[in-house]
Amino acid sequence: MVSHDRYLLDKLTDQLFVVSGTGAVDLYNGNYSSFRLEQEEAKQAQKQKPVAVAPTPVVQAPKKNKLSFKEQKELEAAEADIAKIEAQIKGLTEQINTLSDHQQIVAMSTDIEKLNIKLEETTMRWMELTELKES
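Criteria and cut-off values
- Going along each chain's sequence as written, the residues are numbered from 1 onward.
- Given that the model is predicted, a residue must reach a pLDDT of at least 70 before its local features are reported, and side-chain atom pairs must reach 80 or more before they are shown or counted; all residues, however, enter totals for whole chains, interfaces and linings.
- For the side-chain quantities, the full set of heavy atoms in the structure was used; hydrogens and water were omitted.
- By the criteria applied, helices consist of DSSP H or I runs no shorter than four residues and strands consist of E runs no shorter than two, each listed in order from the N terminus.
- Type-normalised accessible area, obtained with a 1.4 Å probe on protein chains alone, sets the label of each residue: buried when under 20%, exposed when over 50%, and partly exposed for intermediate values.
- Between two residues, a contact is recorded if the distance between any of their heavy atoms is within 4.5 Å.
- The term salt bridge refers to a side-chain nitrogen of Lys or Arg lying within 4 Å of a carboxyl oxygen of Asp or Glu.
- If DSSP finds at least two bridges between two strands, the strands pair.
- Axes here mean lines fitted to C-alpha atoms, for a helix over just the part in contact, with angles spanning 0 to 180 degrees between N-to-C directions.
- Oblique is the label for any angle not covered by the other classes, which are roughly parallel (under 35 degrees), roughly antiparallel (over 145) and roughly perpendicular (65 to 115).
- Crossing handedness is defined as follows: a turn of the near helix away from the far one that is anticlockwise and smaller than a right angle gives a left-handed crossing, while the clockwise case is right-handed.
- Classification convention: Asp, Glu, Lys, Arg as charged; Ala, Val, Leu, Ile, Met, Phe, Trp, Tyr, Cys, Pro as nonpolar; all other residues, Gly among them, as polar.
- Among the buried residues, those of types Ala, Val, Leu, Ile, Met, Phe, Trp, Tyr and Cys that are joined through side-chain atoms within 4.5 Å form a nonpolar core.
- To estimate the expected span of a helix, count its residues, drop one, and scale the result by 1.5 Å.

(A) Quick peek at the overall build of the protein. For the protein, the helix and strand inventory stands at four helices and two strands. In the protein, the succession of α and β elements from N to C terminus is α-β-β-α-α-α. Taken over 135 residues, the protein has a buried fraction of 18%. A fraction of 41% describes how many contacts in the protein between residues 6 or more apart in sequence connect residues 24 or more apart.

In structure tokens:
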């Protein structure tokens, strides 16, 4: 296929025959976008190559290994909240299993969904604080 439509080439091809100005044909495995990206990266590398700069020592700020008081309290509260939310979800799930009224089941399912979202948010924050504490 020969085309000037880049979108079409991207979607329909996975191998290119690239004809250079000298008439040489190169085979490229990939779509047109990857070919262009690779060409741009090669140009950037070529431009940066002649510039030789003496490496300067990089001074890094010491890593913060301890959580602040507020973060430590938040971590402890998150652990307690996670346990509490999980217990609430378990209780509501057990209640749903005994119900037969459709409206009550829908209402409790909505409550469980909200609690699952809250649990996910709390768990993500707990993970962030734990990683910060361990680093």
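(B) Highlighting the pattern of salt bridges. Within the structure shown, the criterion is met by four salt bridges. Residue glutamate 40 pairs with arginine 36 through a salt bridge whose shortest N-O separation is 3.8 Å. Taken together, the positions of glutamate 40 and arginine 36, both in helix α2 (residues 32-48) and four residues apart, correspond to about one turn of that helix. In this structure, glutamate 128 and arginine 125 form a salt bridge, with 3.1 Å as the shortest nitrogen-oxygen distance. Of the two residues, glutamate 128 and arginine 125 are both situated in helix α4 (residues 102-134); the distance of three residues between them amounts to about one turn of the helix.

(C) Local environment of the pairing of strand β1 (residues 15-19). The sheet contact formed by β1 and strand β2 (residues 25-29) spans five bridges and is antiparallel. Paired with phenylalanine 17 across the two strands is leucine 27, which belongs to β2. Counting the residues between successive antiparallel strands, the hairpin from β1 to β2 contains five residues, one of them, glycine 23, with a positive phi of roughly 95°.

(D) The packing of helix α3 (residues 69-98) against α4, seen in detail. Two numbers describe how α3 lies on α4: the axes approach to 9 Å, and their chain directions differ by 155°. Judged on the interaxial angle alone, α4 and α3 are roughly antiparallel. Considering the relative orientation of α3 and α4, their crossing is left-handed. Its residues assigned to classes, the contact of α3 with α4 comprises 15 nonpolar, nine polar and nine charged.

(E) Region of the structure containing the nonpolar core. Of all hydrophobic cores here, the largest spans nine residues; its members are Ile82, Ile85, Ile89, Leu92, Ile96, Met108, Ile112, Leu115 and Leu119. Element by element, the count of residues in this core is highest for α3, at five residues. What isoleucine 112 contacts, discounting residues up to four positions off in sequence, is Ile89, Leu92, Thr93 and Ile96. Judged by nonpolar contacts, the second largest core, of five residues, contains Leu16, Tyr28, Tyr32 and Phe35.

(F) Structural view of α4. Taking 1.5 Å per residue as the helical rise, α4 with its 33 residues ought to reach 48 Å, and the 47 Å between its terminal C-alpha atoms agrees with that figure. Taken together, the buried positions of α4 are occupied by Met108, Ile112, Leu115, Leu119, Thr122, Leu129 and Thr130. Lining the buried residues of α4 we find α3.

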